[in-house]
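Coordinates in review
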Amino acid sequence: MALDTETLNLLIDAVRRFVHERLIPAEDELAASGEVPPDIVNEMRDLGLFGLSISPDFDGLGLTMEEEVRVVFELGQTSPAFRSLAGTNIGIGSQAIVLAGTDEQRARYLPKLASGELIGSFALTEPDAGSDAMSLRVSAERDGDFYVLNGTKRYITNAPIAGLFSVMARTAPERRANSISCFLVEAGTPGLIIGKPDKKMGQAGALTSDVVFDNCRVPASALLGGEEGNGFRTSMRVLDKGRLHISALCVGIADRLLRDAVKYATERKQFGQPIAEFQLIQAMIADSQAELYAARCMVLDAARMRDRGENTTMQAACCKLFSTEMVGRVADRAVQIHGGAGYMSEYAVERFYRDVRLFRIFEGTSQIQQLVIARETIKAHS
């Protein structure tokens, strides 16, 4: 159920203040240490940021999709690593349980995910199965009252700090959707091995690593929903929602980048006047504003459709494609407007330029979004 307007505005104002008073000043510390400061993690928990999308029945805030994206617009105003810490709990780390978990699984895990006591992680990608998720090889073989998992997952967000992994594994050899199941595997389970944190181009502090299963035995009760074969379909539904969340994040980041670029352009003088008075600089500002506005409208429209219960597979893909490509263009223009200063780590645009490159790759590459959009469009007009 949607929050009343006053409550939602109070939440958005609180998140906005938190971002500007606590997170933005901590960006340099995060970039240098690669770790979100513990005091900030606790404040994120107190604000309820880990449970935005989890029902109040399980101690979350239970936001609608539109409410969630409006909050994420604010979280996007700072380094994406802050959002990433809570993002898996909001989205891919909890939504499989929300959508398909048993009553016992929901009661066991969702309150801890909502509070941030437990960090969730979604383990789908493998060394030979990225965009082609149907090719995943991690296996889960039934052994009495247990399943035995073997194989490797790659680039798994929050894996080094996760307490719970939603693991997609093959329970049948055929290349079919119902041959893939989802397992809820707790950190510390024998045979679950976490690799070293990856060294990445950007997003310092947003941890990823390999996750290896070496004869990892989990009880049959760890099978999501208590039945085999629902893993692939569930993961696709989770990604539909996650793509709207990421799109909203890109809108927020683009807003921050444009604000920084305009501030620099009005202060920086060349030829005796602020560079903001030059028409070619104005063109870059105008193009960025127009694209940002279009992306914001797309995300809000798709979120409202989802809240009405409509199928938003195509709309989510449209938002993900446009918003992630858009923020890349805005980041490039922001660096250009800053000139040589934009290439220096002293300015945030340099860091954001590297950070936003990932959004066109994870949770479905731009090319995968194009395939989804084309497929859904052809289906709708056939």
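In this text, all values refer to a predicted model and were calculated from it rather than measured experimentally.

Take the pairing of strand β3 (residues 146-157) next. For strand β2 (residues 139-143) and β3, the ladder comprises 5 bridges, and the chain directions are antiparallel. Following the sheet pairing, Ala-140 is matched in β3 by Leu-149. Between β2 and the antiparallel strand that follows it, β3, lie 2 residues; Gly-144 among them carries a positive phi value of about 65°. Looking at chain direction, β3 and strand β7 (residues 208-219) are connected through 9 bridges and run antiparallel. Counterpart to Tyr-147 in the pairing with β7 is Val-218.

This paragraph deals with the side chain of Glu-27. Note that Glu-27 resides in helix α2 (residues 27-33). When its relative accessible area of 4% is taken as the criterion, Glu-27 is described as buried. When near neighbours in sequence (up to four residues on either side) are disregarded, Glu-27 contacts Gln-77, Thr-78, Ser-79, Phe-82, Arg-256, Arg-351 and Phe-352.

What follows is about the packing of helix α9 (residues 279-307) against helix α10 (residues 313-338). The interhelical angle for the contact between α9 and α10, taken along N-to-C directions, is 160°, at an axis separation of 9 Å. Taken together, the axes of α9 and α10 lie roughly antiparallel to each other. Our pair here, α9 against α10, has a crossing hand that is left-handed. Taken together, the residues of the contact of α9 with α10 break down into 16 nonpolar, 4 polar and 4 charged.

Take helix α12 (residues 366-380) next. Given a rise of 1.5 Å per residue, 15 residues ought to cover 21 Å, and the 21 Å separating the end C-alpha atoms of α12 matches this to within 8%. Turning to α12, its buried residues are Ser-366, Gln-369, Val-372, Ile-373 and Glu-376. Across the axial projection of α12, the buried residues extend over an arc of 115°, all falling on one side. For α12, the exposed residues lying more than 90 degrees away from the buried face are Leu-371, Ile-378 and Lys-379. Buried positions along α12 lie against α8 (231-267) and α10.

Definitions and limits used
Residues numbered from 1 in each chain as written. Predicted model: local features only at pLDDT ≥ 70, side-chain atom pairs only at ≥ 80, totals over all residues. Heavy atoms only, no water. Pairing = 2+ DSSP bridges. Helix = DSSP H or I, 4+ residues; strand = E, 2+ residues; numbered from the N terminus. Buried < 20%, exposed > 50% of the residue type's maximum accessible area, 1.4 Å probe, protein only. Contact = heavy atoms within 4.5 Å. Axes fitted to C-alpha atoms, helices over the stretch in contact; angles between N-to-C directions. Parallel < 35°, antiparallel > 145°, perpendicular 65-115°, else oblique. Left-handed = near helix turned anticlockwise from the far one by under 90°. Nonpolar A, V, L, I, M, F, W, Y, C, P; charged D, E, K, R; others polar. Expected span 1.5 Å × (residues − 1). Arc of directions from axis to C-beta.

Structural measurements only, silent on function.
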